[in-house]
Amino acid sequence: MYKDSKGFLWISTPNGLNRFDGIECKVFKTINSGISGDYPRNIVEDKTGNLWIGTDNGLNFFDRSTGTFQNKSLPTVLKSGNFRPVCVDNKGLLWYLAAGKPDEGLFTYNPQNQQINLISEDVGFEIPTTYAFDNKEVTSMIVSTKNDVGFKRLTFKNNQIIKSESFFDGKDHLPQFSHISEYVHQENDTTFWVTQNNYGLLKLNSNKRTYEVFDHFKNTKITNFSRFSPYAHFLLVGSPQGLFIFDTKQSAFVQQYMHSPNEPNGLNANYNELVYVDKEANLFVSQLGNGIDFTNLKKSTITHWLKYDLAVNKLSAKDNHIHSMQHRNDETWVKLENGTLAVLDRNGDVLKQYLHKNLLLSDSQQRIWLSDGKNTTIVDKNFKEKSYQFTNLPKVDAWKIIMTEGEANQYFQIIDGDVFEIIEENKQFKVNPIEDLNKEDFIISKPIFYDSVSKKLFVSVSWWSEFYILEKKEGQWKITSKPNFQFQVYNMAHVANEPSKIWLCTNAGLMKMNTQTYKYEVLDEKRGLPDNVVTGIIPEKNGDYWLVTNKGISHFDHQKNSYYQYTSKDGANSKEYIWIGNFIDNDGKVFFGGTNGINIIDRNLSKVYLQKPKVQLLGISINNVPVNTIKNIDANEEVMLDHTQNSFEVNIVGIEYAHPKDIKIKYFLEGSDKVWQQTSNNTQIRFNHLAAGEYFLKFQAADINETNVSDIKTLKIVIKAPFWQTNGFRFLMLVLLAILGYLLYWLRVRQITQKTKQLEEIKRIRAESEVRAMRSQMNPHFIFNCMNTIDFYILSNKTMEASRFLGKFSQLIRNILEHSRQEQVHIRDEVKSLELYISLEQERSEDTFQYTFDIDPKLYDKDYFLPTMLLQPFVENAILHGLRHKQNGEGQLIIELKIVENKLRAKIVDNGIGREASAKMQQKQTYIKQSVGWN
């Protein structure tokens, strides 16, 4: 097995080469891929991601850019024979072993110039299965000998052998072993680990040429080891008896994994032929005849004690269902549902067994309290037992007794509906019934909890429907409160770093209750809790805590403010867990009893699982036919499709070997999609009837919580337009349209010429209309009078007055001419024209009237417009018909413009003689002038 840099696992079998992505396998055989043989021997990868694969019938080069085997370009000498690639070094040289042909031995091959160099003929054909150089300089190598006796270590300098050492060849005080070179791991310059079927695991010191044998796990001897793989300071060793883990620091086997029908998440078979661990801690175990098991060592942090086989065979239990647990030092006391009570050591082995005893308490004095319903047995740390028959305690079935510890030498028991305080003095015990509580009519249920800070006793009874709080007053325990909670309380615990609060585990979430006010804060599913039914809690000193809910085990991280749910995918193998008795030991391991033994979570092994999945594009299919258009997706390649290929499928996979089926694919087709889409892992995504143009397919893989996501990869897809949408076709159409347009233009010229006179006539009439409109804007008599006034000033030698008057008059005429071309003018301009007109009339009348403008400032702040010369006729009427004939007093003219109810109100007020008097005076005139002013 070999996992490449893209994340694929390559598996060699006698029936072809398999590429596994965590979900599906693709098989490469001679008939479908061009590989030179169906039994690959070894696989190595070069810097560019290309693979070298040896078979019994030639050396093969897998070109990653095309996804095919490119063997035609190899030298003839590499196309037949038995080859085993060893590595690709830092210079790009391929190191390989050759056998079964005239040129046998260790060679290097330079793909650039196709040069082959012989390194040594005095070597065998086997190398360790754990070998990997990762494109580094080759300084040493382990190989087999010609006769397959022992193994060799070759030391190199500049690709030349400078030292050759042989081990386990029957010389230098070492035994002779055959066919062991595949089973060697070099830990450092002097330490080698070797598995030898008849001896067990061997530790070789190459300097001293001495070795140690490790062939026992616990008290069982094991010798039949197969191949193995290193991980950290562990060796994972396969065997017909399951998978063994050897700790090189402890120099001992520390764990054995075996197949069991009662362990659905365990090994599929016991015969582990080959073990492979990659750099990302993905573990793959080849089961002889039963496929491959795989997981991730960082992700799976749960181990199991008291497994089914141990409980049934050694403890004679019907199953391994845990009833209760207590912890003392390195001991775990376990009560099974069938009544068996066992003591386990720090490795999970059975130390001692008790019959017909119920497990009650592990107290602060490191004593274990047991009961058979009649007598109480206390077991000290040396396993010395002493039995007591407490007076005043009723004799009941042992399972009906619940116990907790209070202050020093103070204990509480609930026995079949009654509560008792037990005081220890001088190794004697005094039993005090808590009468105030015993008068209540309730049914026994867990829990009972003593808070050392508030000195209060909290009791949940009657199937958790009633809750009592007691305090000791004048030597007697009294009920001080009975909160009417709208939830059931299953368990209680202290809140770390908050002395005045305790946790309540309920069917409505996790409650943080104040022990003085009994007010509580609710943590439920709305605030991130995995499940509202919380039955157990284990607080940690740093503020984290562990929960048992209806959904299993959860851990709260106070720094991240989030929960992590442990499921069967993490190794949690029980359907239900006990409520009380779960604990954290001195090493930080958390123990949970359940329906399938004890689950132990060691978060120190992997505080955080940060392994990101990888995402790969497996191919493109058009009309269900794969096309070889994908080169190297890492390089953001471009795929060209014509317009008939605008409906296609892409196959994308997210590679992650801890929980591959939980990985989801997220994708976004830029140029088509508006939001990111999501689908399951290893999926085909179809795009239909895309328009011609450029698209960018972005995709990534993410775990179920989206805490770990892959890098986003991008594939550029160009769909060519059909010929009728090309620039050339468009240009031709433009030329044809231009010719057609010219013909139409020529036909229209004659029509346009005939209408020219008519258009000119229209222009003449329009011009005359504009002049007439301009002239109609003002009384000609006013203009005549203004000219007389100017003439008078000139004749009277009043040149300054004439010039000033003429300036105003000319400005007024200019305004009228300019505004006559506009349908509307700004109020500001209209007011200026009016003011010029009024000032001229005022001067002509020798200042017989005064005028005032009252303009709303808002009209100047914004763009308000009026029809041209709209107000002038009204002002003219006020002057000519009102103020001109006024004889008594000074005349007044007021022009007011206001905004009233979103409308413009114009008011022109004068104190003249009025319309009727003016009309009578005009009738007496010898002629009646025609005024353009409005009446």
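Position labels on residues start from 1 in each chain and follow its written sequence. Reporting in this predicted model follows two pLDDT cut-offs: at least 70 for local features of residues, and 80 or more for side-chain atom pairs to be given and counted; totals over whole chains, interfaces and linings ignore these cut-offs and use all residues. As a convention, hydrogens and water are excluded, and side-chain values are obtained from all of the structure's heavy atoms.

Of the regular secondary structure elements, the protein chain holds 11 helices and 70 strands. Two things to know: the radius of gyration comes from C-alpha atoms, and the globule rule equals 2.2 Å times the number of residues to the power 0.38. The C-alpha radius of gyration computed for the protein chain amounts to 50 Å, which surpasses the reference 30 Å derived for 935 residues by more than 25%, pointing to a less compact arrangement than a globule. Relative accessible area decides the class of each residue, using a 1.4 Å probe on protein chains only: under 20% of the type maximum gives buried, over 50% gives exposed, and in between gives partly exposed. Buried positions account for 48% of the 935 residues belonging to the protein chain. Pairs at least 24 apart in sequence give 50% of the contacts found in the protein chain among residues at least 6 apart. With residues, only the protein chains shown are counted as cover, and all accessible areas are computed by Shrake-Rupley using a 1.4 Å probe. On the protein chain, roughly 48,400 Å² of surface is accessible, and the fraction owed to carbon and sulfur atoms is 48%. A run of H or I in DSSP counts as a helix once it spans at least four residues, and a run of E counts as a strand once it spans at least two, with each numbered from the N terminus. Any two residues having at least one pair of non-hydrogen atoms within 4.5 Å are treated as being in contact.

A separate point is the sheet that holds strand β67 (residues 849-855). In a beta sheet, neighbouring strands are held together by backbone hydrogen bonds and run either parallel or antiparallel to one another. Two strands make a pair as long as DSSP finds a minimum of two bridges between them. With respect to topology, three strands assemble into an open sheet ordered β67-β69-β70, the strand pairing being mixed. For this open sheet the edge positions go to β67 and β70 (903-910), each flanked by a neighbour on one side alone. Averaged over all adjacent pairs, the angle separating strand axes in this sheet is 10 degrees, with direction ignored. Two strands pair when backbone bridges link them, and strand β69 (residues 891-900) and β70 are joined in this way by eight bridges, in the antiparallel orientation. Bridged to lysine 898 within β70 is arginine 905. Along the sheet, helix α8 (residues 827-844) makes contact with β67, β69 and β70, crossing β67 at roughly 170 degrees. Of the strands in this sheet, β67, β69 and β70 are in contact with helix α10 (residues 872-883), which crosses β69 at around 155 degrees. Every axis in this analysis is a line fitted to C-alpha atoms, fitted for helices over the stretch in contact. Angles between the N-to-C directions lie between 0 and 180 degrees.

Here four bridges tie strand β61 (residues 664-670) to strand β62 (residues 677-680), and the two strands are oriented antiparallel to one another. Bridging across to β62, isoleucine 665 finds its partner in threonine 679. Connecting the antiparallel pair β61 and β62 is a turn made up of six residues, with glycine 671 showing a positive phi of about 110 degrees.

Looking now at the packing of aromatic side chains. Here the aromatic set is Phe, Tyr and Trp, taking the six-membered ring for Trp, and pairing holds for ring centres within 6.5 Å; pairs whose planes are under 30 degrees apart are stacked, those over 60 apart are edge-to-face, and all others are tilted. As enumerated under the stated definition, the model contains 65 aromatic pairs in all. Look at phenylalanine 412 and tryptophan 477: their rings are 5.5 Å apart centre to centre, the planes differ by 80 degrees, and that puts the pair in the edge-to-face class. With a gap of 65 residues between them, phenylalanine 412 in strand β39 (residues 410-415) and tryptophan 477 in strand β45 (residues 476-481) connect regions that are remote in the sequence. According to the relative accessible area criterion, phenylalanine 412 is buried, its value standing at 0%. In this structure tryptophan 477 comes out as buried when scored by relative accessible area, which is 6%. Aromatic side chains phenylalanine 467 and phenylalanine 485 sit 5.3 Å apart centroid to centroid with 50 degrees between the ring planes, which places their arrangement in the tilted category. Of this pair, phenylalanine 467 sits in strand β44 (residues 466-473) while phenylalanine 485 sits in the loop between β45 and β46 (489-494), and the two are 18 residues apart along the sequence. Here phenylalanine 467 falls in the buried class, since its relative accessible area comes to 4%. Exposure remark for phenylalanine 485: the relative accessible area of 12% places this residue in the buried category. The side chain of arginine 19 reaches across the aromatic face of phenylalanine 8, ending 4.5 Å from its centre. Across from the ring centre of phenylalanine 383, 5.4 Å away, lies the NZ or CZ of arginine 328, which sits over that ring. Charge-over-ring placement is defined geometrically: NZ (Lys) or CZ (Arg) within 6 Å of the ring centre, and within 35 degrees of the ring normal.

It is worth spelling out the pattern of salt bridges at this point. Salt bridge, as applied in this entry: a Lys or Arg side-chain nitrogen positioned within 4 Å of an Asp or Glu carboxyl oxygen. Tallied over the full model, the rule gives 37 salt bridges. Here glutamate 182 and arginine 227 are joined by a salt bridge, their closest N and O atoms 3.2 Å apart. Of the two residues, glutamate 182 is situated in the loop between β15 (160-167) and β16 (184-186) and arginine 227 in the loop between β21 (220-221) and β22 (228-231); the sequence distance between them amounts to 45 residues. Close ionic contact of lysine 716 with glutamate 694 constitutes a salt bridge, the shortest N to O distance being 3.5 Å. Here lysine 716, found in strand β65 (residues 713-719), pairs with glutamate 694, found in strand β64 (residues 693-702); they are 22 residues apart in sequence, far enough to count as distant. Of the residues examined, glutamate 694 reaches a relative accessible area of 47% and is grouped as partly exposed.

With that settled, consider the nonpolar core. Soluble, globular proteins show a tendency: their nonpolar side chains are buried together. Working definition of a nonpolar core: buried Ala, Val, Leu, Ile, Met, Phe, Trp, Tyr and Cys residues. They are joined through side-chain atoms within 4.5 Å. Formed by 28 residues in total, the largest nonpolar core has its most connected members in Ile838, Val875, Leu893 and Leu897. For this core, the elements supplying multiple residues, two or more each, are α6 (780-795), α7 (799-819), α8, β67, α10 and β69. Residue contributions to this core peak at seven residues, all from α8. Not counting chain neighbours up to four residues away, the residues in contact with leucine 897 comprise Ile827, Val831, Asp854, Ile855, Asp856, Leu859, Leu871, Leu904, Arg905 and Ala906.

Moving on: the packing of α7 against α8. Contact geometry for α7 and α8: axes closest at 10 Å, N-to-C directions at 145 degrees. Classified by chirality, the crossing of α8 by α7 is left-handed. Side by side, α7 and α8 meet where Arg804, Phe805, Lys808, Phe809, Gln811, Leu812, Asn815 and His819 of the first sit next to Asp829, Ser833, Leu836, Tyr837, Ser839, Leu840, Glu843 and Arg844 of the second. In this scheme, a crossing is called left-handed if the near helix is turned counterclockwise away from the far one by less than a right angle; it is called right-handed if the turn is clockwise.

Mapping asparagine 596 onto the fold places it in the loop between β55 (590-594) and β56 (597-601). Judged by relative accessible area, which is 9%, asparagine 596 ranks as buried. N or O atoms closer than or at 3.5 Å make up a polar contact, with two conditions inside protein: a donor-capable atom paired with an acceptor-capable one, and, for residues adjacent in sequence, both atoms drawn from side chains. There is a polar contact of 3.4 Å between the side chain of asparagine 596 and the backbone oxygen of asparagine 573. Excluding its chain neighbours within four sequence positions, the residues that come into contact with asparagine 596 are Asn262, Glu263, Asn320, Asn573 and Ser574.

Moving on: the environment of asparagine 282. Assignment of secondary structure puts asparagine 282 in strand β27 (residues 282-287). Assessed through its relative accessible area of 3%, asparagine 282 is described here as buried. The spatial distance from the C-alpha of asparagine 282 to the C-alpha of alanine 658 is 7.2 Å, given a sequence separation of 376 residues. If we ignore the near neighbours within four places in the chain, the residues touching asparagine 282 are Lys3, Tyr276, Val277, Thr295, Asn296, Tyr657 and Ala658. Within the structure, asparagine 282 has its side chain in polar contact with the side chain of asparagine 296 (distance 2.8 Å).

Next up on the list: the sheet that holds β65. Strand order in the open sheet formed by five strands is β59-β65-β64-β61-β62, with mixed pairing between adjacent strands. Both edges of this open sheet fall to β59 (638-641) and β62, since each of them pairs with a single strand only. Neighbour-to-neighbour, the strand axes of this sheet turn through a mean angle of 25 degrees, independent of strand direction. Of the strand pairs in this sheet, β64 and β65 are connected by seven bridges, and their pairing is antiparallel. Of the residues in β65, the one forming a bridge with tyrosine 695 is isoleucine 717.

Turning our attention to the environment of alanine 408. On the secondary structure map, alanine 408 appears in the loop between β38 (401-405) and β39. Along the primary structure alanine 408 and glutamine 365 are separated by 43 residues, whereas in three dimensions their C-alpha atoms are 9.2 Å apart.

Topologically, glycine 594 is positioned in strand β55. For the pair formed by glycine 594 and serine 574, sequence separation is 20 residues and the distance between their alpha carbons is 5.4 Å.

Phi is positive for asparagine 329, close to 50 degrees, though the residue is something other than glycine. For asparagine 329, a relative accessible area of 38% puts it in the partly exposed group. Its identity is not glycine, yet glutamate 901 carries a phi of approximately 55 degrees, on the positive side. Within the secondary structure, glutamate 901 sits in the loop between β69 and β70.

What follows covers the confidence of the model for the protein chain. pLDDT is a residue-level measure of predictor confidence that goes from 0 to 100. When pLDDT is averaged across the protein chain, the result is 85; 93% of the residues are at 70 or more. The secondary structure element of the protein chain with the lowest average pLDDT is helix α5 (residues 756-775), at 59, and the one with the highest is strand β48 (residues 509-514), at 96. Within the model, the stretch residues 926-935 combines pLDDT values under 50 with 18 contacts to residues more than four positions away or in other chains.

Bringing the packing of α8 against α10 into the picture now. With their axes 11 Å apart at the nearest point, α8 and α10 run at an angle of 20 degrees to one another. As judged from the angle between their axes, α8 and α10 are roughly parallel. Considering the relative orientation of α8 and α10, their crossing is right-handed. Along its contact with α8, which presents Glu830, Leu834, Tyr837, Ile838 and Glu841, the element α10 presents Gln872, Val875, Glu876, Ile879 and Leu880. Polar here means any residue other than Ala, Val, Leu, Ile, Met, Phe, Trp, Tyr, Cys and Pro, which are nonpolar, and Asp, Glu, Lys and Arg, which are charged; Gly is therefore polar. Class assignment for the residues of the contact of α8 with α10 results in six nonpolar, one polar and three charged. Relative orientations are named as follows: roughly parallel for angles under 35 degrees, roughly antiparallel for angles over 145 degrees, roughly perpendicular for angles from 65 to 115 degrees, and oblique for any other angle.

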